[in-house]
Amino acid sequence: MAAMRNGAIPGSRGTVRPLRLLGDQALRAPCEEVSDFDAALARLVEDLFATMYAAGGVGLAANQIGVGLRVFVYDCPDDEDRRHLGHVVNPRLAEADGVTVRGTEGCLSLPGIESGTPRFDRAVVEGVTVTGEPVRVEGSGFFARCLQHECDHLDGGLFLDRLGGLRRRRVLWAARRAPWARGRA
């Protein structure tokens, strides 16, 4: 794994938090802008990395662990298998263009469920780091899909919102029957 500037592996000091699953209202509420760049924000980023790695994901938004702030982390390859590792605070999807590709997409908030989801092949996200430094992240292919997916989360969206017809019905059918959905409304 890549080392951070202080030598620590992202998430190594974090706490794995419970993931919010489909049906949880935290996933549908648009997240608030971060205004305090403090130790609590740094802990949140560490916890996001720890939780993402524990769940085997490539990206994770703060509302997926019940925190309504505009923050996400990623450790995601692109189509050329180049690794992209980082976080964005107060991200804004500045550009999403190129061809639209229907690729397999899943979500840690719908474990075990995937569907062909249309996304642009290129995306640019602008925001700041945990210390408030400006950051611009550009991705193509699978990494562009990840960036768009995480930005959707922070606006209260899920990948299934981008599905229509039979694909959407299949995802909802699978979600109702998933082991993690037992006992959920």
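Residues numbered from 1 in each chain as written. Predicted model: local features only at pLDDT ≥ 70, side-chain atom pairs only at ≥ 80, totals over all residues. Heavy atoms only, no water.

A. Representation of the pattern of salt bridges within the structure. One pass over the full model with this rule turns up 19 salt bridges. Residue arginine 17 pairs with aspartate 47 through a salt bridge whose shortest N-O separation is 2.8 Å. Highlighted residues: arginine 17 in the segment before helix H1 (39-55) and aspartate 47 in helix H1, separated in sequence by 30 residues. Residue arginine 17 is classed as partly exposed on the basis of its relative accessible area of 27%. With its nearest N and O atoms 2.7 Å apart, the salt bridge here joins arginine 119 to aspartate 152. Of this pair, arginine 119 sits in strand S4 (residues 114-128) while aspartate 152 sits in helix H2 (residues 141-154), and the two are 33 residues apart along the sequence. In this pair, the class of arginine 119 matches that of aspartate 152, namely buried. Several salt bridges share partner residues, and in doing so they unite Arg92, Glu95, Asp97, Arg122, Glu126, Arg136 and Glu138 into one network. (Salt bridge = Lys/Arg side-chain N within 4 Å of Asp/Glu carboxyl O. Helix = DSSP H or I, 4+ residues; strand = E, 2+ residues; numbered from the N terminus. Buried < 20%, exposed > 50% of the residue type's maximum accessible area, 1.4 Å probe, protein only.)

B. Layout of H2. An ideal rise of 1.5 Å per residue puts 20 Å on 14 residues; H2 measures up with 21 Å between its terminal C-alpha atoms. Phi turns positive, to about 85°, at glycine 156, one or two residues after H2. (Expected span 1.5 Å × (residues − 1).)

C. Main features of a positive patch on the surface. On the surface, Arg102, Arg167, Arg169 and Arg170 cluster together into a positively charged patch. Top element by residues in the positive patch is helix H3 (residues 165-177). It accounts for 3 residues. Considering the arrangement of structural elements, one finds arginine 169 in helix H3. (Patch = residues over 30% accessible without salt bridge, like charges linked within 9 Å, V, L, I, M, F, W, Y side chains within 5 Å. Areas by Shrake-Rupley, 256 points an atom, 1.4 Å probe, with all protein chains shown as cover. Lys, Arg positive; Asp, Glu negative; His and termini not counted. Charge placed at Lys NZ, Arg CZ, Asp CG, Glu CD.)

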